[in-house]
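# Residue-level structure breakdown
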Amino acid sequence: MTEGTEQRMAEFSTQSKARIREAIDFLVVSRRPITVKIEWQRTLFDSRIVKADHGDPLSKTGVDGRVLIQWLSPPRGNNLIQCMSPVQVRFSLGKYKLAFTSYYITKSLESPHLGHIISYPEDLVLADRRRSDRHEVDSSVAPLFAGAKIKVRAGRSQKKGYDLKVFDVSENGVGILVGEELFDWLRRIGIGDRLKQVELYAPWTIVRVNGTVRHKSKMHEGEYSGYHLLGIELDEKLEQYA
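An account of the accompanying structure is given in this report. Bear in mind that the values here come from a model prediction, so they are computed numbers and not experimental data. (Residues numbered from 1 in each chain as written. Predicted model: local features only at pLDDT ≥ 70, side-chain atom pairs only at ≥ 80, totals over all residues. Heavy atoms only, no water.)

This part is about a positive patch on the surface. A surface patch of like charges, here positive, comprises Lys151, Arg153, Lys159 and Lys196. Positionally, Lys196 belongs in strand 14 (residues 194-201). (Patch = residues over 30% accessible without salt bridge, like charges linked within 9 Å, V, L, I, M, F, W, Y side chains within 5 Å. Areas by Shrake-Rupley, 256 points an atom, 1.4 Å probe, with all protein chains shown as cover. Salt bridge = Lys/Arg side-chain N within 4 Å of Asp/Glu carboxyl O. Lys, Arg positive; Asp, Glu negative; His and termini not counted. Charge placed at Lys NZ, Arg CZ, Asp CG, Glu CD. Helix = DSSP H or I, 4+ residues; strand = E, 2+ residues; numbered from the N terminus.)

What follows concerns the pairing of strand 3 (residues 44-53). Here five bridges tie strand 2 (residues 33-38) to strand 3, and the two strands are oriented antiparallel to one another. Of the residues in strand 3, the one forming a bridge with Lys37 is Leu44. From the end of strand 2 to the start of strand 3, which pair antiparallel, there are five residues, and Trp40 there has a positive phi angle of about 75 degrees. Here four bridges tie strand 3 to strand 4 (residues 66-69), and the two strands are oriented antiparallel to one another. Bridged to Ala52 within strand 4 is Val67. (Pairing = 2+ DSSP bridges.)

Attention shifts here to the environment of Leu114. Relative to the assigned elements, Leu114 resides in strand 8 (residues 113-119). For Leu114, a relative accessible area of 36% gives the class partly exposed. Once the C-alpha coordinates of Leu114 and Trp71 are considered, the two residues, 43 residues apart in sequence, prove to be 7.1 Å apart. Every residue in contact with Leu114, bar those within four places of it in the chain, is listed here: Leu68, Ile69, Gln70, Trp71, Ser108 and Leu109. (Buried < 20%, exposed > 50% of the residue type's maximum accessible area, 1.4 Å probe, protein only. Contact = heavy atoms within 4.5 Å.)

With that settled, the discussion passes to the side chain of Thr14. Note that Thr14 resides in strand 1 (residues 13-14). Of the polar contacts made by the side chain of Thr14, one reaches the backbone nitrogen of Ser16; its length is 3.1 Å. Apart from residues lying up to four places away in sequence, Thr14 is in contact with Arg19, Ile20, Asp123, Leu124, Trp204 and Thr205. (Polar contact = N/O pair within 3.5 Å; in protein donor to acceptor, adjacent residues only side chain to side chain.)

Structure, rendered in structure tokens:
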């Protein structure tokens, strides 16, 4: 892997052990295919993660854990992976392409888990992401974040959290769909009002952002007719929250 490739891929990553565990567990349960990139090899090798040891939850890193993958296809990868390190494991969650770097440990010859044991990922990186485009829900390129949580004051001191759907996302802003249950709250806020600690959810991470309300508009057609679109300009670009 070239230095430039490593730098680009590191621009959006997460070292959250909880998010890494969620992603690995999803791959195990769903039996979703993975691609293994072995250094100096043009061929990409197919496999699946079939088991994971997440290691000590109190450890500061995940390096004590292990991941078991099936034999590689084409089969010549099974010899190459033993002598070439590190390897890169690539996979998809929804329409997002993610990857992690791992190191070969040993073979697994215990039935039914036959294959290779590799080191547990220390981080996940998002690959092949277009940085400045605005991505809309249900379009050919879905938003980076699919959901959002906003906390609304329900009393003098208490706040209640509401899970909302993200309509569109760019590196500078986010559009959130607001339903009937929050129409009263929506009427009380105005253009230029500040929103703090808005949580944005992706399959592998959660980020908390602050921003300024820039527009409110009602959706009049399509699947989200009747919803209001709340446009928030973020204080900082999303890349800085990786």
